[in-house]
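Report on the structure
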Amino acid sequence: MKRNKINITGRLKRNKPVCALLSIAVSSMLLCSCAGDFLDQTNSHQLSPEKFFDSDEAVEREVWPLYSYVWYDFNDKFYYGMGDGRADNITAQYSNYIYPYTNFTETSLSQGLTEAWAALYSVVAQSNNAINNIRNFSQSSVSEDAKNRAIAEARFMRGVAYWYISSLWGCAIIYDNTSALVNNYVVSPNPGTDGMEFAIRDLEYAAKYLPATPSGAGRVTKYSAYGMLSRVYLSMAGLTTDGQYDGSNVAVNFNRGTRNSYYVDLARKAAKKVIEESGASLLDNYADLFGASTINNNKESLFQLQFMQGSGVGGAAQSMTRFLAWSTMVADQNAWGGATYCSYDLWNEFKNYKDATLGETVDDKIRRHNSVASYGESYPELSADDNDPYVYGVTETAGDQGANIKKYVIGTKKVNGFSEPNNSGINTYMLRLAEVYLNYVETFLGDNDQTSDPEALKYFNLVRARAGMPSKTTVTYEDLRHEFRVEFAFEGLYWYQLVRRGYYHQQEVVNYLNNQNRNASYYEASTHTYKLSDKYTAPGPDVDIAKASDLLLPISNTDQSKNPRLKPDTDGNVSTVPYSFGEREVDEASLFN
C-alpha cells in the first residue's frame, strides 16, 4: 500500500504529530453489556450477543449508550476547554486542562489530550461494535427497518467523532472493526481528508436511514444528520479544491482564499433540508436554551448528549457543570469554576462590539446575561427564594479576574429539583438549529466577503432578532464570525469555526489569534468594572505566539509510545496511508431531491 509522506511545515509544529490512536479504541467491551447495565433492561448484560438481539426494542437499546457513556471524557472538560479555551472564549489561568490550550503551550504530555482522543475513539470503537453486533447477531424476529435505523444511529455518532478527530489532529486512524484492531493496533494514520470523507459517508447513510421524527426522546433523526452534514461539508469545502473528494483533489495552499464549491453547495442543500423539512424551530427566548426545565430536547435541539439525572449514574452523568459553576450556591457541593472566566475579548464582543455595518457600538444584553455572569446581574433562577434573587457579585463576592460563565449553570437541587453533586442532570448541546441557520448563511458568502442575498439575511436576522439585536441588510464574514461567537459561546464550537476558515485563509486566522488579549485578567473590584488596566496586561501570563501549526493539536505521548507510527520524523513529518474506500452506499444527489 502506498504511503504518503506529509510535510507539515506551516501546518504542524515540529514534534506535533497529526493523529492519535486511543488505547480505549482497542477495548473489546461489547456495547450490549453496556446497554444491560445502563438501561436496566430485561435482557441481562451477561447474555451473549447471539441471544441479546431478539427484538426491535433490543436493537434500539444497543445504541443508546452512544449518547452518553462514550462521550463522557470529551464532555467533562475538553468540550469547552478546547472548543472555547483555544478560541479565546475562556480565561482560566490556574486550570491546567484549559490554559495550555489558550496559551498555545500544550505539549504531547498536556492534560486533556489523552482523555479527548480516548473519548472520541471510544465513540468510534463502540459504534463499530454496535454496527457489527446488530449486523451479525440480530435474530429473525428483528425487522430490517429496525436494524437499518440502529446502524444509522451508530454511524451518525461515528461520523461526528471522525469529524472532531480530523479537525483536531489533521488525520485519523479509520477502522470499522474494533475486535480486529485489538490484535494489531500499530497502524499508520490516514489523511485528515480521508477522515472527513469517512465522516461524510457515515452521516449520509444516517440521513438516508434515520427516521424523520425521533424514535424516542432525544434520539437523532435524519435532520440531525443533515444538520451535521452542513457542518462537515463546510470543513471539506476548505480541505479540497474542486469536485467530489477522490484523494487527488486535496488542497495544499492554505491561503488560496477559495473553497470547493461542490461542498459549499452540498452544505447549503443539507442546511435547507433541515430548515424546510425538520419542523425544528428556534426557541422564542434565548434564556430558555439553558433553563433547567427547558434545555433538554427542546424544539431547537438537533443533537444533545443525553445525561441521566440522579446520583450514582457514573459515565451517564453531566459532570461539566461542576467545572463551570463558580460557587456551591449555584451548584451542588462541588463547584470548581471560580477561576474560570469569560475571556476579555469575548466580554468585549458581548458588551462593546463595534459593529462596522451598523456603524455603532452595541451591547448584546440578552446573550451576554445568559452566557456570562457579571457584577450586578440578577439571576432569580439560581435562588430558591423568589423574594431574594441571586445577584452576581452582591449575593457573594464576584470573581477577582473577570466575569464567570453562566451557561450550563442551573443552580442547586433546592432550586431545580433534580441536580446532584457532580451531576447537574442536563444535556449537552452538540448541534442546534441556530448553527444550521448560520451554516446556511455561510454558504451564501461562498468565497466572497459579504452577501445581501435575501435568504441569507432572513436566517441571519432570525438568530439576531431572538437576541434583541437589530437586523442587517448585508452580512460580511466578520458579521458571521461575530454572530457565531456570541450565539454559541461556551458551547464548544467557536474553535472549529476558526479552524475551517484556516483551511483557506490560514494567515488571516493566525493573525486573528495573535491579536487577542488572551489569558488576561480584567475585573476592577474597587469600581466593579470590567476593563484592561495598568494592573492587568494583555495578553496575560505565559501566552505563546500562535503559528499555523497551532491550528492542530499534538498527540498524547502515551499514544505515540504505544504506536510508533504516530511519531513524527526529525523534520516533523508523519507518514499516512490512504484509506481504501469502497463504493459509495448513498448517492449524494438522491439525498437532496
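Residues numbered from 1 in each chain as written. Predicted model: local features only at pLDDT ≥ 70, side-chain atom pairs only at ≥ 80, totals over all residues. Heavy atoms only, no water.

Turning to the overall build of the protein, a few remarks are in order. When helices and strands are counted, the protein shows 22 helices and 18 strands. Taken over the C-alpha trace, the protein has a radius of gyration of 23 Å; the compact-globule value for 593 residues is 25 Å, and the two agree within 12%. Taken across its 593 residues, the protein has 63% of its residues classed as buried. If you take every contact in the protein between residues at least 6 apart in sequence, the share linking residues at least 24 apart comes to 74%. Carbon and sulfur atoms form 46% of the exposed surface of the protein, whose accessible area is close to 21100 Å². (Helix = DSSP H or I, 4+ residues; strand = E, 2+ residues; numbered from the N terminus. Rg over C-alpha atoms; globule rule 2.2 N^0.38 Å. Buried < 20%, exposed > 50% of the residue type's maximum accessible area, 1.4 Å probe, protein only. Contact = heavy atoms within 4.5 Å. Areas by Shrake-Rupley, 256 points an atom, 1.4 Å probe, with all protein chains shown as cover.)

Time to look at the packing of helix 11 (residues 261–277) against helix 16 (residues 433–445). Across the interface, helix 11 lies against helix 16 with an axial gap of 9 Å and an inter-helix angle of 145°. Helix-helix and strand crossings are classified by hand; for helix 11 and helix 16 the assignment is left-handed. Contacts between helix 11 and helix 16 involve Val264, Ala267, Arg268, Ala271, Lys272, Val274 and Ile275 on the former and, on the latter, Leu433, Val436, Tyr437, Tyr440, Thr443 and Phe444. Here the contact of helix 11 with helix 16 is composed, by residue class, of 10 nonpolar, one polar and two charged. (Axes fitted to C-alpha atoms, helices over the stretch in contact; angles between N-to-C directions. Left-handed = near helix turned anticlockwise from the far one by under 90°. Nonpolar A, V, L, I, M, F, W, Y, C, P; charged D, E, K, R; others polar.)

This brings us to the nonpolar core. In this structure, Trp71, Phe156, Tyr162, Tyr164 and Phe303 are the most contacted members of the largest nonpolar core, which totals 171 residues. Here the element with the most residues in this core is helix 7 (residues 144–169); it accounts for 15 residues. Residues contacting Tyr162, with those up to four places away along its chain left out, are Tyr121, Val124, Ala172, Ile173, Ile174, Tyr175, Gly195, Phe198 and Ala199. (Core = buried A, V, L, I, M, F, W, Y, C linked by side-chain atoms within 4.5 Å.)

Attention shifts here to unusual backbone geometry. Excluding glycine, a negative phi dihedral is what most residues carry, and trans is how most peptide bonds are arranged. Cis rather than trans, the peptide bond between Ala538 and Pro539 has omega equal to -5°. Tracing the backbone shows Pro539 in the loop between strand 17 (529–530) and helix 21 (557–562). The backbone of Phe104 shows a phi angle near 60°, a positive value even though the residue is not glycine. With respect to the helices and strands, the residue Phe104 is situated in the loop between helix 5 (99–102) and helix 6 (113–137). On the basis of relative accessibility, which here comes to 1%, the residue Phe104 falls in the buried class. Of note, the phi angle at Phe490 is positive, near 70°, even though the residue is not glycine. Along the chain, Phe490 falls in the loop between helix 18 (477–487) and helix 19 (494–502).

Right, let's talk about the packing of helix 16 against helix 17 (residues 454–466) for a bit. One way to put it is that helix 16 packs onto helix 17 with a least axis distance of 9 Å and a crossing angle of 145°. Both helix 16 and helix 17 take part in a crossing whose hand is left-handed. Where helix 16 abuts helix 17, its residues Ala434, Tyr437, Leu438, Tyr440, Val441 and Phe444 lie against Glu455, Ala456, Tyr459, Phe460, Leu462, Val463 and Arg466. Its residues assigned to classes, the contact of helix 16 with helix 17 shows 11 nonpolar, no polar and two charged.

Turning our attention to helix 19. With nine of nine residues buried, helix 19 is to be regarded as a mostly interior element. Considered for burial, the residues of helix 19 that qualify are Tyr494, Trp495, Tyr496, Gln497, Leu498, Val499, Arg500, Arg501 and Gly502.

Two aromatic rings are characterised by how far apart their centres lie and by the angle between their planes. Across all of its chains, the model carries 38 aromatic pairs by this definition. With a centroid separation of 5.6 Å and an interplanar angle of 75°, the aromatic rings of Tyr440 and Tyr459 are classed as edge-to-face. Of this pair, Tyr440 sits in helix 16 while Tyr459 sits in helix 17, and the two are 19 residues apart along the sequence. The class for Tyr459 is buried, based on a relative accessible area of 7%. Grouped by ring-pair contacts, the aromatic residues Trp71, Phe74, Phe78, Tyr79, Tyr101, Trp163, Tyr164, Phe290, Tyr408, Tyr429 and Tyr496 constitute a single cluster. The ring of Phe444 has Arg268 lying over it, and the distance from NZ or CZ to the ring centre is 3.9 Å. (Phe/Tyr/Trp six-rings, centres within 6.5 Å; stacked < 30°, edge-to-face > 60°. Lys NZ or Arg CZ within 6 Å of the ring centre and 35° of its normal.)

Here we come to the pattern of salt bridges. Any two side chains of opposite charge can pair if their charged atoms end up close together. Here the structure, examined in full by the defined rule, presents 44 salt bridges. A salt bridge links Glu487 to Arg367; the nearest nitrogen and oxygen atoms lie 2.8 Å apart. Pair noted here: Glu487 is in helix 18 and Arg367 is in helix 14 (residues 365–371), with a separation of 120 residues, a long-range link. The shortest N-O distance in the salt bridge between Glu442 and Arg500 comes to 2.6 Å. One end of the pair, Glu442, is in helix 16; the other, Arg500, is in helix 19, with 58 residues separating them in the sequence. Across the pair, Arg500 and Glu442 agree in class, each one buried. Linked by salt bridges that have partners in common, Glu300, Asp364, Arg367, Lys407, Arg432, Arg464, Arg466, Glu483, Glu487 and Glu491 make up one network. (Salt bridge = Lys/Arg side-chain N within 4 Å of Asp/Glu carboxyl O.)

Counting through the fold element by element, Phe52 comes out in helix 2 (residues 49–52). In the structure, Phe52 is positioned 59 residues away from Gln111 in sequence and 38 Å away in space, judged by C-alpha atoms.

Counting buried residues along strand 13 (residues 428–432), five of its five residues qualify, which places the element largely inside the surrounding structure. Pairing geometry for strand 5 (residues 301–305) and strand 13, over four bridges, is antiparallel. Its bridge partner lying in strand 13, Phe303 is registered against Leu431. (Pairing = 2+ DSSP bridges.)

A few words on the environment of Asn593. Tracing the chain through its elements places Asn593 in the segment after helix 22 (588–591). In this structure Asn593 comes out as exposed when scored by relative accessible area, which is 78%. Here the alpha-carbon distance between Asn593 and Lys269, two residues 324 residues apart in the chain, equals 9.6 Å.

Before going further, it helps to spend a moment on helix 4 (residues 72–83). Taking 1.5 Å as the rise per residue, helix 4 with 12 residues should run 16 Å; its terminal C-alpha atoms sit 16 Å apart, in good agreement. Taken residue by residue, helix 4 has Tyr72, Phe74, Asn75, Asp76, Phe78, Tyr79, Tyr80, Gly81, Met82 and Gly83 as its buried positions. (Expected span 1.5 Å × (residues − 1).)

We now examine the side chain of Ser235. Mapped onto the secondary structure, Ser235 falls in helix 10 (residues 222–239). On the basis of relative accessible area, Ser235 is assigned to the buried category, the value being 2%. The contacts of Ser235, once residues within four sequence positions are left out, are Trp163, Met196, Arg500 and Tyr503.

Take the confidence of the model for the protein next. On average, the protein scores 90 in pLDDT, and the residues at 70 or more come to 91%. Of the regions scoring below 50 in pLDDT, residues 1–47 engages in 154 contacts with residues more than four places distant in sequence or in other chains. (pLDDT = per-residue confidence, 0-100.)

The next subject is the environment of Arg155. Note on placement: Arg155 falls in helix 7. Judged by relative accessible area, Arg155 falls into the buried class, the value being 5%. The sequence separation of Arg155 and Asp202 amounts to 47 residues, and the corresponding C-alpha distance is 5.1 Å. Contact partners of Arg155, with chain neighbours within four places excluded, come to Ile131, Arg135, Arg201, Asp202, Tyr205 and Glu585. A polar atom in the side chain of Arg155 sits 2.7 Å from the side chain of Asp202. (Polar contact = N/O pair within 3.5 Å; in protein donor to acceptor, adjacent residues only side chain to side chain.)

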